[in-house]
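Below, each chain spelled out in residue letters.
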Amino acid sequence: MTGPLRKSHPLFRILNGSLVDLPAPSNLSVWWNFGSLLSLCLIVQLITGIFLAMHYTADISLAFSSVSHICRDVNYGWLLRNIHANSASFFFICLYCHIGRGIYYGSYVNQETWNIGVILFLITMVTAFVGYVLPWGQMSFWAATVITNLLSAVPYIGEMLVQWVWGGFSVDNATLTRFFTFHFLFPFIIAALSIIHLLFLHQTGSNNPTGLDSNYDKAPFHVYFSTKDLVGFLVLLAGILTLALLAPTALNDPENFIPANPLVTPTHIQPEWYFLFAYAILRSIPNKLGGVIALLAAVLVWFLVPILHTSWNQASTFRPLSQVTFWILAATFIILTWIGSQPVEEPYIIIGQVASVLYFSIFVFLFPGIAVIENKLLLRY
Amino acid sequence: MADDTLRQTPEVIEAVRRLPADTYNQRAFRIKRALDLSLKHRILPTEQWTKFEEDVRYLKPYLEEVEREMKEKADWNAR
């Protein structure tokens, strides 16, 4: 008697351990849905992306019109394009909710899982950035020009680095073809890293909304959380289809309906909404290299979060001061996103600078400091 | 109780392992009750809340003992 096939078969045993008999905390809330939703977003992007790639041409004289061809001539090409473009936004909504959950509930104490997660976010940012260049609209070209030019701020090797990335002396055909290559390749790296992310998560087991040891009350992943995740999938798919079918250009920049023209600079160059917070931090520093360092630091500071955890509790559940700090962080993020979409004029400049300082202060000073105060107040340490 | 909410560091895990059976069982009951309430999105009725004077730092002596032992081990290993 070898028992059920799902437990004895070498391959099914692995899937069983992650999707069926995985012991999960019984009290996982909706904030734990975003991990599986990210997997769904990745699968949607992979499928729609592969079909788009069958009809797209990565050449500066043909890219824009190949996207028009997809939308007008390819059977359901308009739907593929709309879903792919709008699912990118849902990908980042899910990412920010997933990361926010991690910060609020102290899930980052599982350091390997957290660090791989930050790397996954960085690669996703790069993938989305190079993907946005592919339609070769005005904003595609100029966003690529602005962001790749930041590499010239690197001391000594900056100019050489930029020209190496461009494949020439400006954003041109060589840049487009290699960006298409990266955009095709990186999602598979994201998929592989996601599996490693889960591997480390399953060493410790999931966190839960109380931050307490959940070994006292576990439930099997199937049927409880497979069902909960299925509900999440239906909500996400409804959201994607609502946007793709009813408001496909709601998050678009109208400049991208104009083919790229290196001789005409748009008045307001800005990235998609999910990069605006980092864009605001970049622009808040008047020095080019300083701005680039701040841009990188805006994400790399997340690597410090587990190291700076000083509370004797894992989650913020029983820590009201930390909860307030978290929501100040969320508000700061929203303010930075708004500022990133505004022109570089007063009062937006000073607001952006204050919000940028507050953003870094929250991670480096406020979260650790307030946790020390709470240790003394709540735990009497 | 406050000591129920301590993060699962190696010191806390070892200190919990050393708890007397009845204290451990009471801790297990409170945590399990908390997880159950959490999944139902409920809180305890006011009359069942732990009073301030009842909130005893039951884990503290064991935690301090474990920390002393670990420090001593680390000092010996450093030699």
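Note that the structure is predicted; figures quoted are calculated from it, not measured.

So, how was this worked out
Residues numbered from 1 in each chain as written. Chains lettered and ligands numbered in written order. Predicted model: local features only at pLDDT ≥ 70, side-chain atom pairs only at ≥ 80, totals over all residues. Heavy atoms only, no water. Helix = DSSP H or I, 4+ residues; strand = E, 2+ residues; numbered from the N terminus. Rg over C-alpha atoms; globule rule 2.2 N^0.38 Å. Buried < 20%, exposed > 50% of the residue type's maximum accessible area, 1.4 Å probe, protein only. Contact = heavy atoms within 4.5 Å. Lys, Arg positive; Asp, Glu negative; His and termini not counted. Charge placed at Lys NZ, Arg CZ, Asp CG, Glu CD. Areas by Shrake-Rupley, 256 points an atom, 1.4 Å probe, with all protein chains shown as cover. Buried area = accessible area lost by both parts, 1.4 Å probe. Salt bridge = Lys/Arg side-chain N within 4 Å of Asp/Glu carboxyl O. Polar contact = N/O pair within 3.5 Å; in protein donor to acceptor, adjacent residues only side chain to side chain. Nonpolar A, V, L, I, M, F, W, Y, C, P; charged D, E, K, R; others polar. Phe/Tyr/Trp six-rings, centres within 6.5 Å; stacked < 30°, edge-to-face > 60°. Lys NZ or Arg CZ within 6 Å of the ring centre and 35° of its normal. UniProt positions renumbered as here; feature names shortened; annotations may be inferred. Domains from an automatic or database assignment. Axes fitted to C-alpha atoms, helices over the stretch in contact; angles between N-to-C directions. Parallel < 35°, antiparallel > 145°, perpendicular 65-115°, else oblique. Left-handed = near helix turned anticlockwise from the far one by under 90°. Core = buried A, V, L, I, M, F, W, Y, C linked by side-chain atoms within 4.5 Å. pLDDT = per-residue confidence, 0-100. Patch = residues over 30% accessible without salt bridge, like charges linked within 9 Å, V, L, I, M, F, W, Y side chains within 5 Å.

Q: Lay out the overall build of chain A in plain terms, naming residues and giving numbers.
A: Scanning chain A from N- to C-terminus turns up 14 helices and two strands. In summary, chain A has a C-alpha radius of gyration of 22 Å against a globular reference of 21 Å for 381 residues, a match within 12%. Expressed as lengths along the three principal axes of its C-alpha atoms, the size of chain A is roughly 65 × 55 × 40 Å. Every one of the 381 residues in chain A was classed for burial, and the buried ones make up 47%. Of the contacts formed within chain A by residues at least 6 apart in sequence, a portion of 77% connects residues at least 24 apart. Distance between charge centres in chain A, computed from 14 positive and 15 negative side chains, equals 12 Å.

Q: Quick one: what's the story with the overall build of chain B, residue by residue and with numbers?
A: Of regular secondary structure, chain B possesses three helices and zero strands. Across chain B, helices and strands are ordered from the amino to the carboxyl terminus as α-α-α. Taking 79 residues into account, the globule formula puts the C-alpha radius of gyration at 12 Å, and chain B, at 16 Å, lies well above it. Principal axes of the C-alpha set define a box for chain B whose edges measure 55 × 25 × 20 Å. When the 79 residues of chain B are sorted by exposure, 33% land in the buried category. Within the structure as shown, chain B displays about 5600 Å² of accessible surface, and the carbon and sulfur contribution to it stands at 56%.

Q: Describe the interface of chain A and chain B, naming the residues involved and giving the relevant values.
A: With 21 residues of chain A in contact, the opposing surface of chain B contributes 23 residues. Across the chain A to chain B interface the summed buried area is about 2000 Å²; carbon plus sulfur atoms make up 60%. Between chain A and chain B we count one salt bridge in total. Linking chain A with chain B are six residue pairs in polar contact (both at pLDDT 80 or more), by the criterion used here. Split into classes, the residues belonging to the side of chain A that touches chain B amount to nine nonpolar, nine polar and three charged.

Q: Talk me through the pattern of salt bridges; I want residue IDs and the actual numbers.
A: With the rule as written, the count across this model stands at 11 salt bridges over all chains. Across the pair Lys-32 of chain B and Asp-217 of chain A runs a salt bridge, and its minimum N-O distance is 3.8 Å. Here Asp-217 of chain A lies in the loop between α9 (173-204) and β2 (218-220) and Lys-32 of chain B lies in helix α2 (residues 21-39), a pairing that spans two chains. When its relative accessible area of 15% is taken as the criterion, Asp-217 of chain A is described as buried.

Q: Lay out the packing of aromatic side chains in plain terms, naming residues and giving numbers.
A: Remark: the centre distance and the inter-plane angle together describe each pair of aromatic rings, the angle taken between the planes. Within the structure shown, the criterion is met by 34 aromatic pairs over all chains. Look at Tyr-216 of chain A and Tyr-24 of chain B: their rings are 6.4 Å apart centre to centre, the planes differ by 45 degrees, and that puts the pair in the tilted class. On the criterion of chain membership, the pair formed by Tyr-216 of chain A in the loop between α9 and β2 and Tyr-24 of chain B in helix α2 is interchain, its members lying in two chains. Judged by relative accessible area, which is 32%, Tyr-24 of chain B ranks as partly exposed. In this structure, Arg-79 of chain B packs its charged tip against the face of Trp-76 of chain B, placed 4.7 Å from the ring centre.

Q: Describe the UniProt feature "binding site: a ubiquinone" (unreviewed entry) in chain A, listing the residues and the values that go with them.
A: Residue and element names in this part refer to chain A. Using the residue numbers shown here, the UniProt feature "binding site: a ubiquinone" (unreviewed entry) corresponds to His-202. Structurally, His-202 is set in helix α9. Using a relative accessible area of 29% as the deciding quantity, one classes His-202 as partly exposed.

Q: So what's going on with the domain arrangement of chain A? Which residues, and what values?
A: Often, the extent of an interface is quoted as the loss of accessible area upon association of its parts. All names here are of chain A. On domain assignment, one finds that chain A holds domain 1 (30-265) and domain 2 (270-380). Spacing between the C-alpha centres of domain 1 and domain 2 amounts to 22 Å. When domain 1 packs against domain 2, close to 3200 Å² is buried across both sides, 74% of that on carbon and sulfur atoms. The largest contributions to the domain 1 side of the interface with domain 2 come from Tyr-96, Tyr-104 and Leu-150, which together make up 21% of the buried area. Counting every contact that joins domain 1 to domain 2 gives 10 residue pairs in polar contact (both at pLDDT 80 or more).

Q: Could you give an account of the packing of helix α1 (residues 10-17) of chain B against helix α3 (residues 60-78) of chain B, naming the residues involved and the relevant values?
A: Residues and elements named next belong to chain B. Across the interface, α1 lies against α3 with an axial gap of 9 Å and an inter-helix angle of 125 degrees. The orientation of α1 with respect to α3, classified from their angle, is oblique. Like other packed secondary-structure pairs, α1 and α3 cross with a definite hand, here right-handed. Contacts from Pro-10, Glu-11, Val-12, Glu-14 and Ala-15 of α1 reach α3 at Tyr-62, Leu-63, Val-66, Glu-67 and Met-70. Along the lines of polarity and charge, the residues of the contact of α1 with α3 split into seven nonpolar, no polar and three charged.

Q: Outline the nonpolar core, supporting the account with residue identities and numerical values.
A: Of all hydrophobic cores here, the largest spans 97 residues; its most connected members are Phe-92, Phe-121, Phe-277, Trp-302, Tyr-359 and Phe-363 of chain A. Here Tyr-359 of chain A is in contact with Phe-277, Ile-281, Ala-298, Val-301, Trp-302, Leu-329, Thr-332 and Leu-336 of chain A, once residues within four sequence places are set aside. Membership of the second largest hydrophobic core comes to 16 residues, among which are Leu-212 of chain A together with Ala-15, Leu-35 and Tyr-58 of chain B.

Q: Before we move on, could you go through the environment of Ser-226 of chain A and cite the residues and values that matter?
A: Residues and elements named next belong to chain A. Turning to its location among the elements, Ser-226 is positioned in helix α10 (residues 221-246). A relative accessible area of 21% means that Ser-226 is categorised as partly exposed. Between the C-alpha atoms of Ser-226 and Gln-270, which are 44 residues apart in sequence, the distance is 39 Å. In terms of polar contacts, Ser-226 uses its side chain to reach the backbone carbonyl oxygen of Val-223, at 3.2 Å.

Q: Please set out the confidence of the model for chain B residue by residue, giving values where relevant.
A: Residues and elements named next belong to chain B. Looking at chain B as a whole, the pLDDT averages 95, with 100% of positions reaching at least 70. The lowest-confidence element of chain B is α3, averaging 95 in pLDDT; the highest-confidence one is α2, averaging 97. Across the predicted assembly, pTM comes out at 0.96 and ipTM at 0.93.

Q: Tell me what's going on with a nonpolar patch on the surface, and back it up with residues and numbers.
A: All names here are of chain A. Among the surface-exposed residues, Leu-304, Ile-307, Val-324, Ile-328, Leu-358, Val-364, Phe-365 and Leu-366 lie close enough to one another that they form a single nonpolar patch of about 670 Å² accessible area. Breaking the nonpolar patch down by element, the ones donating at least two residues are α13 (320-340) and α14 (348-378). Per element, the largest residue contribution to the nonpolar patch is four residues, and it comes from α14. Its place among the elements puts Leu-366 in helix α14.

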